[in-house]
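What follows is each chain in one-letter form.
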Amino acid sequence: MRGLFKIATAASALLATALAAPITKVRPGNGTDIIITSQNTVNATEPAPANATRPAPANATVASSTFKIAEDIAVSNGRLPLALVNNFAGAINAYVTGLDSNNQLVMLQPDGTWLYPVCDPSISTPQPVNANVAIPLGGQGSTTQVTLPGYISAARVWFAAGSLEFFTVYSSASNGPSLVEPSAVNPSDPSAAVSWGFVELTNTADGGLYANISYVDFVGLVLGMSLLSGDGSVQAAHGLQATAVASICSLLEAQSARDGMPWTDLCQVDASGKPLRIIAPSDHVASNPDAFSDYFTDHTNEVWTYYSTNTLTIDTQAAAGKVACTVQGDQLTCAGDNRGYARPLAGDIFGCNSGPFAIEAGDNDVHRAIVPRLCAAFDRTTLLMTGGDSQPGLPSTSYYQSAPTNWYSAFIHQTEVDGKGYAFSYDDVNPDGDVNQSGVVADGDPRVLTVIVGGPLSG
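Residues numbered from 1 in each chain as written. Predicted model: local features only at pLDDT ≥ 70, side-chain atom pairs only at ≥ 80, totals over all residues. Heavy atoms only, no water.

As recorded in an unreviewed UniProt entry, the protein chain goes by the name GH64 domain-containing protein, listed as coming from Friedmanniomyces endolithicus.

For this particular structure, what's the right way to read the state of the cysteines?
Taken as a whole and assessed by the stated rule, the structure comprises three disulfides. There is a disulfide in this structure between Cys249 and Cys267, and the S-S distance comes to 2.3 Å. Judged by the torsion about the S-S bond (-125°), the Cys249/Cys267 disulfide is left-handed. Linking Cys249 in helix H3 (residues 244-259) with Cys267 in strand S18 (residues 267-269), this pair joins segments that are 18 residues apart in sequence. There is no split in this pair, since Cys249 and Cys267 are both buried. Here Cys325 pairs with Cys334 through a disulfide, and the sulfurs are 2.1 Å apart. Residues Cys325 and Cys334 share a disulfide whose torsion about the S-S bond is about 110°; that sign makes it right-handed. (Disulfide = S-S within 2.5 Å. Helix = DSSP H or I, 4+ residues; strand = E, 2+ residues; numbered from the N terminus. Buried < 20%, exposed > 50% of the residue type's maximum accessible area, 1.4 Å probe, protein only.)

Got a minute to help me understand the packing of aromatic side chains in this structure?
One pair of aromatic rings is described through two measures. These are the centre distance and the angle between the planes. Here the structure, examined in full by the defined rule, presents 17 aromatic pairs. An angle of 75° between the planes, with centres 4.8 Å apart, marks the rings of Tyr295 and Phe296 as edge-to-face. In this structure Tyr295 comes out as buried when scored by relative accessible area, which is 10%. Looking at Phe296, the relative accessible area reads 2%, which means it is buried. Aromatic side chains Phe357 and Phe378 sit 6.4 Å apart centroid to centroid with 55° between the ring planes, which places their arrangement in the tilted category. Taken as a pair, Phe357 in the loop between helix H6 (346-351) and helix H7 (365-380) and Phe378 in helix H7 lie far apart in primary sequence, 21 residues in all. (Phe/Tyr/Trp six-rings, centres within 6.5 Å; stacked < 30°, edge-to-face > 60°.)

Help me out: how do you make sense of the environment of Leu221 in this one?
Take Leu221: it is sitting in the loop between strand S15 (218-219) and strand S16 (223-229). Separated by 25 residues in sequence, Leu221 and Trp196 have C-alpha atoms that sit 4.8 Å apart. Non-local contacts of Leu221, meaning those with residues more than four positions away in its chain, are made with Phe88, Ile92, Phe159, Ala160, Ala161, Ser195, Trp196, Gly197 and Val453. (Contact = heavy atoms within 4.5 Å.)

What should I look at first to understand the pattern of salt bridges in this one?
Two side chains carrying opposite charge are able to pair once their charged atoms lie near each other. As enumerated under the stated definition, the model contains seven salt bridges in all. The salt bridge partner of Glu181 is Arg156, with a shortest N-O separation of 2.8 Å. Note that Glu181 is positioned in the loop between strand S12 (176-180) and strand S13 (196-204) and Arg156 in strand S10 (residues 152-160), a separation of 25 residues in sequence. Residue class for Glu181 comes out partly exposed when judged on its relative accessible area of 31%. The shortest N-O distance in the salt bridge between Arg343 and Asp330 comes to 2.7 Å. Here Arg343, found in the loop between strand S22 (331-334) and H6, pairs with Asp330, found in the loop between strand S21 (322-328) and S22; they are 13 residues apart in sequence, far enough to count as distant. (Salt bridge = Lys/Arg side-chain N within 4 Å of Asp/Glu carboxyl O.)

Any chance you could explain the nonpolar core here in plain terms?
Generally speaking, soluble globular proteins have nonpolar side chains that are buried together. Core analysis: the biggest nonpolar cluster contains 85 residues, and Phe159, Ile278, Leu374 and Leu449 have the highest contact counts within it. In terms of residue count, the dominant contributor to this core is H7 (eight residues). Ignoring sequence-local partners within four residues, the contact set of Leu449 consists of Pro81, Leu82, Ala83, Leu201, Leu209, Ala211, Met225, Ser226, Leu227 and Val441. By size, the runner-up hydrophobic cluster in this structure holds 16 residues, among which are Trp158, Ala160, Leu164 and Val194. (Core = buried A, V, L, I, M, F, W, Y, C linked by side-chain atoms within 4.5 Å.)

Would you take a moment to explain the sheet that holds S22 for this structure?
Through backbone hydrogen bonds, the strands of a sheet pair up, either in parallel or in antiparallel fashion. As summarised here, the arrangement of the four strands in space is S22-S21-S20-S23, forming an open sheet in which the pairing is mixed. Two strands bound the open sheet, and with one partner strand each, they are S22 and strand S23 (390-391). Relative to S22, S21 runs antiparallel, the two being bridged by four bridges. Along S22, the bridge assignment pairs Thr326 with Thr333. Across the sheet, H7 lies against strand S20 (312-315), S21, S22 and S23, angled at about 115° from S20, the strand it touches most. (Pairing = 2+ DSSP bridges. Axes fitted to C-alpha atoms, helices over the stretch in contact; angles between N-to-C directions.)

Okay, here's the thing in structure tokens:
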């Protein structure tokens, strides 16, 4: 989930320019041809906030009649147009994976139809997907248009400066294949040497489109996106700057020099020594359990001491409303919660899914609402700040202002053009009315999702 690019009036002018340009068909097929258009320049306007919820917010930017082009695109039965803009100085392949409306694994083929991968249930090891599922983008400055042929959930649109390899393995739960995705943390993965990234999306009949840029697991190939809705409004998450990987690695190296923690170890380099990607600290701790072992210890002790005599109020932003929490014994307990919270370790804080933040079957709605808000407060180091006794309550400008904190997340947001894009699992936790740092774009009537690869467009 998750560069300073410009979106024309906003995405509509980009789309209009693309459709008006000379078209080259690539592997045509049954009315869903992939087309590549020549496109070099777009003009800038400021798009609407990315924290909009379905339907598009009333204050979203509504452009002029240039959006009429989108109204002519048939968006029915989940047929969602994607405009894939290449601003990378090299060859890029795109891939689409997800679950169709019947919850079956699908991958988009170059002819615009779904591939339903198969696997042998008698083989327990991952089996390669040998079908051609790579969609080559045009050269730098071009836009490749792809139409998803139907509704899709739990999907990813992948982009790679090279080729990615996918595998399937039989799942007894679904009685069919499950996807084995490329791994950014496994040095033996066949795609390990490739620079890649993805945007996540779900597009359903009842919920509409929900998409985001995610850096929860790693930072890789730079992406940005915008969503054009049926009413002409535009939401955008501009993503990281073009040189983000090298910049963040430099920031992490400097942080290691300051606090002695293994932030530098999060950076991976290619064969030439050039920064390739940055691994999230949660994944680093998963493979190196001693890393960051005592990083948050003093801080969590201070939090526990403070809230043994003071009340922490957590706004569930749901039916339970605001819930009072205090430390009793060695656990933080909250009114209406079915169980308490032990002191989290570094891995628990970075990952938000282990230790006291692991959600179990039988946990009630209060517990499920408190976990993301409490973990976000630890990642952003806001619990002991003035006003931090109300969570979420402080504005995003108060996040990551003191150590110890999640510097991986802090430096990602510092390097993003607009500060938006998931940098940890619960980056969508924000006070009502504040900026949604997760970089989500969502709408019940989506017309075009534009993704820009490789950083800023000039113009």
